[in-house]
Amino acid sequence: DVGSVAALQKELADADAVRNRTFFDVTVAAAAAGQIDVWQLHYYEPVEEFASVVAWVRQKAPAQSIGGWELGVAWPGDDYDATQHAVETTKLFAGALALGVQPDIYLPEAFSPDVRDNEVWRGLWEPDGSPRPAAAAFEQLVHATAGEGNTFAPVTTATLAGLAVGKGDHSTLVLWSRSLQPVTLPLTGVLGGATASEITG
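Model, not experiment: these values are computed from the prediction.

### A few points about the overall build of the chain
- A tally of regular secondary structure across the chain gives 5 helices and 8 strands.
- When its helices and strands are written in sequence order, the chain yields α-α-β-α-β-β-α-β-β-α-β-β-β.
- With the C-alpha coordinates aligned to their principal axes, the bounding extent of the chain is approximately 60 × 40 × 35 Å.
- A burial count over the chain gives 31% of its 201 residues as buried.
- Here the contacts in the chain between residues at least 6 apart in sequence split such that 53% fall between residues at least 24 apart.
- Here the chain holds 11 positive side-chain charges and 25 negative ones, and the gap between their average locations is 7 Å.

Here it is in C-alpha cells:
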C-alpha cells in the first residue's frame, strides 16, 4: 500500500515495476497486431475490483477474448476467514462468467506446504485434503453453470448483484446482497420445481 503520490512514484520507478509495465506494453502491442487470440488473466486481488480490471483489459485489447486462467483468493496472515473465502470465490467466478470471461480456472486447488512455508493463495482444500467452505461454494457454482449452450448475464438491481444462467427452459440465479444485509426477493409466476440453497449448499 502507498499513502502518497511520492510513494507511488517511488514504487513505479522500481526496476520490477518498470519491467512489468514493459511486459504489459509488449502484450498490448501483440494483441493489437493480432498475434494473440486470448488474453490470459491471472487475478488474486480484491473481488470488488475485478470488473474494473476486465474493463481496462478490454479497453487495451478490445479484439481479444479474456480467459481467467488463474483466478483465486489471496489472503495471507492469521485473519483468514474460511466463510468469507467462500463468499469471495462465489463472487469472483460468478462475476467472471457474467462479464464473459471464460474459461475460469481456480488456482491453487490446495496449498502445497513443501513448496511454500506460508499459505498466501488460498486453496479450496486444506493441506490435509479436507474441503473448505469455498470448495462447497465452488462445486455448487460449477453445477449451476455446467452444460452446453448456457447463457450468462449479470444481475444488477438496487439491492442485489450476481449472475443469471439461462439453461434451456429454466434459469439459475446466483445472487448476493449488495449491502450484506438480508434482502426480500418477491417471486411471481409458476415456480414448479424451484429450489434454493445457501452458499455452501
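This is not the end of the story, as more comes after the structure.
### As for the packing of helix H1 (residues 5-13) against helix H2 (residues 15-32)
- At a minimum axis separation of 5 Å, H1 and H2 run at an interaxial angle of 70°. Taken together, H1 and H2 sit at an angle that is classed as roughly perpendicular. Across the interface between the two elements, Glu11, Leu12 and Ala13 of H1 pack against Ala15, Ala17, Val18 and Arg21 of H2.
- Counted by class, the contact of H1 with H2 contains 5 nonpolar, no polar and 2 charged residues.

### Notes on the environment of Thr157
- Here Thr157 shows up in the loop between strand E6 (151-156) and strand E7 (160-167).
- Sequence separation of Thr157 and Leu141 is 16 residues, and the distance between their C-alpha atoms is 21 Å.

### Overview of the packing of aromatic side chains
- Taken as a whole and judged by the stated rule, the model has 8 aromatic pairs.
- Centroid distance Phe24 to Trp39: 5.8 Å. Interplanar angle 65°. Geometry classified as edge-to-face. Highlighted residues: Phe24 in helix H2 and Trp39 in strand E1 (residues 38-43), separated in sequence by 15 residues.
- Both rings, one in Tyr43 and one in Phe50, keep their centres 5.1 Å apart while their planes meet at 75°; by these two values the pair is edge-to-face. There is no split in this pair, since Tyr43 and Phe50 are both buried.

### Description of the nonpolar core
- Grouped together as the largest cluster of nonpolar side chains are 35 residues, with contacts concentrated most on Trp39, Phe50, Ile66, Leu71, Leu92, Phe93 and Leu163.
- Within the residue set of this core, elements represented by two or more residues are H2, E1, helix H3 (50-60), strand E2 (65-71), helix H4 (82-98), helix H5 (133-145), E7 and strand E8 (170-177).
- For this core, the leading source of residues is H4, giving 7 residues.
- Leaving out residues up to four positions away in the same chain, Leu71 has contacts with Leu41, Tyr43, Tyr44, Phe50, Leu92, Phe93, Ala96, Asp104, Ile105, Tyr106 and Leu107.

### Quick word on the sheet that holds E7
- Strand order in the open sheet made by the 3 strands is E6-E7-E8, with antiparallel pairing throughout. Strand pairing shows two members of the sheet lacking a second neighbour, E6 and E8, which therefore form its edges. Direction aside, neighbouring strands of the sheet carry axes that sit 20° apart on average.
- Bridging between E7 and E8 involves 8 bridges; their strand directions are antiparallel. Across the sheet, residue Gly162 finds its bridge partner in E8, namely Leu175.
- On the sheet, H5 packs against E6, E7 and E8 and is oriented at approximately 45° with respect to E7.

Reading the values: the criteria
Residues numbered from 1 in each chain as written. Predicted model: local features only at pLDDT ≥ 70, side-chain atom pairs only at ≥ 80, totals over all residues. Heavy atoms only, no water. Helix = DSSP H or I, 4+ residues; strand = E, 2+ residues; numbered from the N terminus. Buried < 20%, exposed > 50% of the residue type's maximum accessible area, 1.4 Å probe, protein only. Contact = heavy atoms within 4.5 Å. Lys, Arg positive; Asp, Glu negative; His and termini not counted. Charge placed at Lys NZ, Arg CZ, Asp CG, Glu CD. Axes fitted to C-alpha atoms, helices over the stretch in contact; angles between N-to-C directions. Parallel < 35°, antiparallel > 145°, perpendicular 65-115°, else oblique. Nonpolar A, V, L, I, M, F, W, Y, C, P; charged D, E, K, R; others polar. Phe/Tyr/Trp six-rings, centres within 6.5 Å; stacked < 30°, edge-to-face > 60°. Core = buried A, V, L, I, M, F, W, Y, C linked by side-chain atoms within 4.5 Å. Pairing = 2+ DSSP bridges.

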